[in-house]
Amino acid sequence: ADAPPFAEIFAQDERTRASLRWAARIARSDIPVMLLAETGAGKELMARGLHRASERRDGPFVAVNCGSVAASLLESELFGYGPGAFTGASERGRDGYFHAASGGTLFLDEVAEMPVAMQAMLLRVLETGIYHRVGETQPRRADIRLLCATCRDLPGMVATKTFREDLYYRLKGAAVTLPPLRERQDVLALAGHLLVELAAPRGILPTPTLSEEV
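Residues numbered from 1 in each chain as written. Predicted model: local features only at pLDDT ≥ 70, side-chain atom pairs only at ≥ 80, totals over all residues. Heavy atoms only, no water.

S.K.: I would appreciate a short explanation of the sheet that holds strand E6 (residues 145–150) in the present structure.
M.R.: Whenever strands of a sheet pair, they do so through backbone hydrogen bonds, lying parallel or antiparallel. Reading across from one edge, E2-E3-E6-E1-E7 is the order of the five strands in this open sheet, with parallel pairing throughout. At either end of the open sheet lies a strand with only one pairing partner, and these are strand E2 (61–65) and strand E7 (174–177). The sheet shows a mean angle of 20 degrees between the axes of neighbouring strands, direction not considered. Where strand E1 (residues 33–36) lies against E7, four bridges are found, and the strand directions are parallel. Each bridged residue has a counterpart across the sheet, and for Leu36 the counterpart in E7 is Thr177. Where helix H1 (residues 14–26) meets the sheet, its contacts fall on E1, E6 and E7, and the angle it forms with E7 comes to roughly 155 degrees. (Pairing = 2+ DSSP bridges. Helix = DSSP H or I, 4+ residues; strand = E, 2+ residues; numbered from the N terminus. Axes fitted to C-alpha atoms, helices over the stretch in contact; angles between N-to-C directions. Contact = heavy atoms within 4.5 Å.)

Here it is in structure tokens:
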């Protein structure tokens, strides 16, 4: 039998379990979801769980870290580009992440790192469902469910106008918050679980006994 959608996320912590219950409730809709958590709290695991619990589970799941893509390349990476659209571009053009995620889920991690000009383009796609490859006028339909994540203070960025307020509310159709690891009540159990997972591929079967000091 298939594993439960959120099986990858270990949770004996009540706040984390509450977030998982909320995620399961909103997973079947197509509304955008914003994942709010510090680095290391499990944002991509949660995004994959949302995808597996959705009606798009048989489609692709594509994850993009907006902070790792140069600002000048983000548009062509997301939307693709037409033949010879810029110096060094392929003569045949190339499809982007929106095309790769068609029929499935596109997960934009570190969305707060997106330049303001790119934010305007993304907002238009969310409003119309239409995008264009760089250097082309032919419209293409974005058949995706959009998830995004950030560890930044987006309301603060909205206040300082470094992140568009209209895009913020578009992306935050629903929000899922994950507590930081230091605030979880199941850290010892989580550490034991991770030790077992790391050891299993090596044929080791540890029975870790961990203390608070460790």
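S.K.: Can you help me understand the pairing of strand E3 (residues 105–109) in this one?
M.R.: Each regular strand carries side chains that alternate between the two faces of the sheet. Among the five residues that make up E3, five are buried, leaving the element largely enclosed by the rest of the structure. The alternating pattern of E3 places Thr105, Phe107 and Asp109 and Leu106 and Leu108 on opposite faces, both of which are buried. Inspection of the sheet shows E3 paired to E6 by four bridges, in the parallel sense. Considered in E6, the bridge of Thr105 is made with Arg145. (Buried < 20%, exposed > 50% of the residue type's maximum accessible area, 1.4 Å probe, protein only.)

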